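# Architecture and fold: a report
In case you want the letters, here they are:
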Number of protein chains: 2
Amino acid sequence: MDEFDFIRDKLAPLAGPEGLKLKDDTAIFSPAQGYDLVLTKDAMVEGVHFPYGEYGGNVAEKLLRVNLSDLAAKGATPLGYLLSLAIPKPVTQAHLNGFTVGLRDVQDAYNFGLWGGDTVSTSGPFVVSATFIGQVPKGQMVKRSGAEIGDDIWVTGTIGDAYLGLQNVLGRTLEPQPTSDQIWHWEEAYLRPEPRLLLRKLFRQFATAALDVSDGLLADAEHLALASDVGLDIELDRVPFSNATQAWLFAQDNRQTAYESLLSGGDDYEVIFTANSKHTQEIKSTAEGLGVSISKVGKVTKPAESIKVVDESGEIIVFEKKGYKHSI
Amino acid sequence: MDEFDFIRDKLAPLAGPEGLKLKDDTAIFSPAQGYDLVLTKDAMVEGVHFPYGEYGGNVAEKLLRVNLSDLAAKGATPLGYLLSLAIPKPVTQAHLNGFTVGLRDVQDAYNFGLWGGDTVSTSGPFVVSATFIGQVPKGQMVKRSGAEIGDDIWVTGTIGDAYLGLQNVLGRTLEPQPTSDQIWHWEEAYLRPEPRLLLRKLFRQFATAALDVSDGLLADAEHLALASDVGLDIELDRVPFSNATQAWLFAQDNRQTAYESLLSGGDDYEVIFTANSKHTQEIKSTAEGLGVSISKVGKVTKPAESIKVVDESGEIIVFEKKGYKHSI
């Protein structure tokens, strides 16, 4: 099979009208009046973002979900995406079928189309990237900057499940031996993170700053602090963990190391955001109405560009590792 | 250096206002009324699109230029781009400096900004991709489809120089031994193709269909024929060659093979377009006024989805290879 067969047979059926059936080099899009466009681009590499030898639907799902998570945190609605694939020899027809099924599933779940892209061959690892186009009502995009002193810090969902999921996917031993329920829960969190698109209107209405947790809760909190030129005080006992993760955490001898892994592991794709505390009730009831759990984890404070984690007794806990960085 | 240092020190200075100083995960763009957006995404892989071990400004220039060429052929004006880089270990600081100088040079030449993207590490070859956003007055994007029977076929610039440039870059022997002028001319064509943005208004006004020649003149002519559901008759002696290339061509014993290499070699990034013959004089004088050479190479004919190359005596010449395809 060559690139043209693949595009015609597998990708063209996924195209939105903007994609011109993928018969052109470009997509065409007529923006609606009264909206800003929000654009984001994420790349994933075999052996870095997903395990070696993984080429199918899981990779496709994750690629789209992590990009959607960026849009969700900005309060945006996804419209479409451009996809580029650098495909190595070991990728088979079956993998590509699986990959396109993964794309289809996520497109159907969140209602957007494929607009274009590029398919090339490579001698190296599988590299995939997607550029997403979303829209927000004019002037309403939520930025990383904008957090104000005194704001509450909120986190959606639970933190650390994806870190434990990754350990399983990589075949690393977890102690104590996890139950099958725990494994299922963690792997789902790692493989199929839920982009918090349901909350996009809530973020637009109430968030002074937001971003999604991809590198690690502490690292991404620091990104928000840096962009907003504020400090963040996070209360460790308010950080939301799932039952599966809490059970694992409380069985660890070295609790500090365990916390560090969960708070810096990344891949959570939950949203950390700040909001004025006068909106607490509305935020809580809106999220509850949409069936999304949400937790207040701390306060925005004065000392610029720093984050501080405190335990129940108010003591500061120092973590050495805050998140993942690509070394280049 | 980690990804964040690189983004802050090297990429952020290239950001347009839409890029929010690259401090956010996303770009924000307020579309102007009365315009459609044109989006395109091209990826390039070390060892496939550029030689192994090449990581500097040449790669950056080419990546941007090939994407700009797509926009030019659609009649669009570039606004900005998102960049993703999967960077392997052998890439040094000096390479990355060169890479960002290359980006800067092309941005300055064609006036657009960096809006965002993603920088990750890889064990494999260097993989770069860019997603460009351009705009055209509403309804005026030039598609691949739209060529009508009886239209003239035009080609900008000259064909085949990049093919010969690639042979040089790859260290392959060319017979007869080329002069240094020839080598310079061919390598420039290969490394720094000129996106035909100067002609974008001409394409919007007169072209019934257009695309840029990336895979090879014959292959891309076939793409146009397929999308427009027409045939294309190309007269071999009208295909434009530079003096450097003509000198090489006429010194070849196997002229047929030489023609095939030039017409299927690709990487030309010239524009092939079709237009009603009543516009011939306006097309010629507009291109001349802009200092861009342009050649009428044939006619759009009835037999759908086929291309035919004829020599001076009207005899059909059959070429086995039409262009490059990534086998996946």
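### Structural notes on the overall build of chain A
What chain A contains, in helices and strands, is ten helices and twelve strands. Here the C-alpha atoms of chain A give a radius of gyration of 20 Å, agreeing with the 20 Å that 2.2 N^0.38 yields for 328 residues. Dimensions along the principal axes, computed over C-alpha positions, put chain A at roughly 65 × 50 × 40 Å. Counting all 328 residues of chain A, 59% fall into the buried class. Considering only contacts in chain A between residues 6 or more positions apart, those separated by 24 or more positions represent 85%. For chain A, the accessible surface area stands at approximately 12700 Å², while carbon and sulfur atoms represent 47% of it.

### Examining the sheet that holds strand S7 (residues 207-212) of chain A
Residues and elements named next belong to chain A. Judged by pairing direction, the sheet is mixed, and its seven strands sit side by side in the order S7-S9-S6-S10-S8-S11-S12 without closing on themselves. Among the strands making up the open sheet, the edge pair consists of S7 and strand S12 (316-317). Relative to strand S11 (residues 306-310), strand S8 (residues 231-235) runs parallel, the two sharing five bridges. Bridge pairing in S11 places Gly231 opposite Ser306. Lying over the sheet, helix H2 (residues 57-73) contacts S7 and strand S9 (271-275), oriented at roughly 175° with respect to S7.

### Here's the deal with the packing of aromatic side chains
This model, assessed by the stated rule, comprises 20 aromatic pairs over all chains. A ring pair is formed by Tyr81 of chain B and Phe112 of chain B, whose centres lie 5.5 Å apart and whose planes are at 75°; its orientation type is edge-to-face. Here Tyr81 of chain B is found in strand S3 (residues 77-87), whereas its partner Phe112 of chain B is found in the loop between helix H3 (93-110) and strand S4 (113-121), with 31 residues between them in sequence. The class of Tyr81 of chain B is buried, set by a relative accessible area of 0%. Looking at Phe112 of chain B, the relative accessible area reads 7%, which means it is buried. Each member of the aromatic cluster is reached from another via a ring pair, and the members are Phe50, Tyr55, Phe99 and Phe126 of chain A. Over the ring of Tyr190 of chain A we find Lys62 of chain A; its NZ or CZ atom is 3.6 Å from the centre of that ring.

### So, the packing of helix H4 (residues 161-169) of chain A against helix H5 (residues 180-191) of chain A
A packed helix pair is summarised by two numbers, namely the angle formed by the two axes and the spacing between the axes. Residues and elements named next belong to chain A. For the pair H4 and H5, interaxial distance at closest approach is 7 Å and the crossing angle is 100°. With respect to each other, H4 and H5 are oriented roughly perpendicular. On H5, the residues touching Asp161, Ala162, Leu164, Gly165, Leu166, Asn168 and Val169 of H4 are Ile183, His185, Trp186, Glu187, Ala189 and Tyr190. Here the residues of the contact of H4 with H5 sort into eight nonpolar, three polar and two charged.

### Observations concerning the environment of Asn97 of chain B
Residues and elements named next belong to chain B. Along the chain, Asn97 falls in helix H3. By relative accessible area, Asn97 is classed as partly exposed at 30%. In the structure, Asn97 is positioned 150 residues away from Ala247 in sequence and 38 Å away in space, judged by C-alpha atoms.

### Topic: the sheet that holds strand S3 (residues 77-87) of chain A
Within the open sheet, the five strands sit side by side as S4(A)-S3(A)-S5(A)-S2(A)-S1(B). Their pairing is mixed. A single partner strand is all that each edge strand has here, and the edge strands are strand S4 (113-121) of chain A together with strand S1 (27-29) of chain B. For this sheet, the mean angle separating the axes of adjacent strands, direction not counted, is 15°. With nine bridges connecting them, S3 of chain A and strand S5 (residues 127-137) of chain A associate as antiparallel partners. Each bridged residue has a counterpart across the sheet, and for Gly80 of chain A the counterpart in S5 of chain A is Ile133 of chain A. In the packing of helix H1 (residues 3-11) of chain A onto the sheet, the strands contacted are S3 and S4 of chain A, and the crossing angle to S4 of chain A comes to about 155°. Contacting strand S2 (35-45), S3 and S5 of chain A, H2 of chain A runs over the sheet at an angle of about 145° to S2 of chain A.

### Structural notes on the environment of Phe6 of chain A
With respect to the helices, strands and loops of the structure, Phe6 of chain A is situated in helix H1. Put simply, Phe6 of chain A and Leu199 of chain A are 193 residues apart on the chain and 36 Å apart in space, counted from C-alpha to C-alpha.

### Remarks on H2 of chain A
Residue and element names in this part refer to chain A. Taking 1.5 Å of rise per residue, 17 residues should cover 24 Å, and H2 covers 24 Å from first to last C-alpha, within 8% of that figure. By the criterion of burial, H2 is predominantly enclosed, with 15 of the 17 residues buried. Just past H2, the residue Gly75 takes up positive phi, approximately 80°.

### Regarding the interface of chain B and chain A
With 66 residues of chain B in contact, the opposing surface of chain A contributes 66 residues. Of the roughly 5600 Å² buried between chain B and chain A, counting both surfaces, carbon and sulfur atoms make up 57%. Taken together, the links from chain B to chain A amount to four salt bridges. For Asp25 of chain A, the salt bridge is made with Arg144 of chain B, and the minimal N-O distance between the two is 2.5 Å. For the pair chain B and chain A, the interface holds 26 residue pairs in polar contact (both at pLDDT 80 or more). It is strand S2 (residues 35-45) of chain B that provides the largest number of residues to the side of chain B that touches chain A, a total of ten residues. For the side of chain B that touches chain A, the residue count by class is 31 nonpolar, 17 polar and 18 charged. As paired strands, strand S1 (residues 27-29) of chain A and S2 of chain B are joined by three bridges and run antiparallel to one another. The residue of S2 of chain B that forms the bridge with Ile28 of chain A is Val38 of chain B.

### As for the side chain of Gln135 of chain B
Residues and elements named next belong to chain B. Along the chain, Gln135 turns up in strand S5 (residues 127-137). With a relative accessible area of 15%, Gln135 lands in the buried category. Filtering out sequence-adjacent residues up to four positions away, Gln135 remains in contact with Ala32, Tyr35, Asp36, Leu37, Ala76, Thr77 and Leu79.

### So, the pairing of strand S10 (residues 294-301) of chain A
Remark: a regular strand shows side chains that alternate across the two faces of the sheet. Residue and element names in this part refer to chain A. For S10, the buried fraction is high: six of the eight residues fall into the buried class. Across five bridges, the pairing between strand S6 (residues 152-156) and S10 is antiparallel. In the strand pairing of S10, Thr156 is matched with Ile294. Examined bridge by bridge, S8 and S10 share four bridges and lie antiparallel to one another. Opposite Ile234, over in S10, you have Gly298 as the bridge partner.

### A short note on the confidence of the model for chain A
Per-residue confidence for chain A gives a mean pLDDT of 95; residues scoring 70 or more make up 99%. If you check the scores for this complex, the pTM reads 0.93 and the ipTM reads 0.91.

### A closer look at the relation of the copies chain B and chain A
Superposing the two chain copies requires a rotation about an axis and a translation along that axis. Mapping chain B onto chain A is achieved by rotating through 180° and translating by 0.0 Å along the same axis, at an RMSD of 0.0 Å. Such a combination of turn and shift is consistent with a two-fold rotation axis. Residues of chain B ranked by C-alpha distance from the rotation axis are headed by Gly124 of chain B, positioned 2.3 Å from it. Of the residues that chain B buries at the interface, 100% are likewise interface residues in chain A, meaning the two copies contact each other through the same surface.

Conventions we followed
Residues numbered from 1 in each chain as written. Chains lettered and ligands numbered in written order. Predicted model: local features only at pLDDT ≥ 70, side-chain atom pairs only at ≥ 80, totals over all residues. Heavy atoms only, no water. Helix = DSSP H or I, 4+ residues; strand = E, 2+ residues; numbered from the N terminus. Rg over C-alpha atoms; globule rule 2.2 N^0.38 Å. Buried < 20%, exposed > 50% of the residue type's maximum accessible area, 1.4 Å probe, protein only. Contact = heavy atoms within 4.5 Å. Areas by Shrake-Rupley, 256 points an atom, 1.4 Å probe, with all protein chains shown as cover. Pairing = 2+ DSSP bridges. Axes fitted to C-alpha atoms, helices over the stretch in contact; angles between N-to-C directions. Phe/Tyr/Trp six-rings, centres within 6.5 Å; stacked < 30°, edge-to-face > 60°. Lys NZ or Arg CZ within 6 Å of the ring centre and 35° of its normal. Parallel < 35°, antiparallel > 145°, perpendicular 65-115°, else oblique. Nonpolar A, V, L, I, M, F, W, Y, C, P; charged D, E, K, R; others polar. Expected span 1.5 Å × (residues − 1). Buried area = accessible area lost by both parts, 1.4 Å probe. Salt bridge = Lys/Arg side-chain N within 4 Å of Asp/Glu carboxyl O. Polar contact = N/O pair within 3.5 Å; in protein donor to acceptor, adjacent residues only side chain to side chain. pLDDT = per-residue confidence, 0-100. Least-squares fit on C-alpha atoms with pLDDT ≥ 70 in both.

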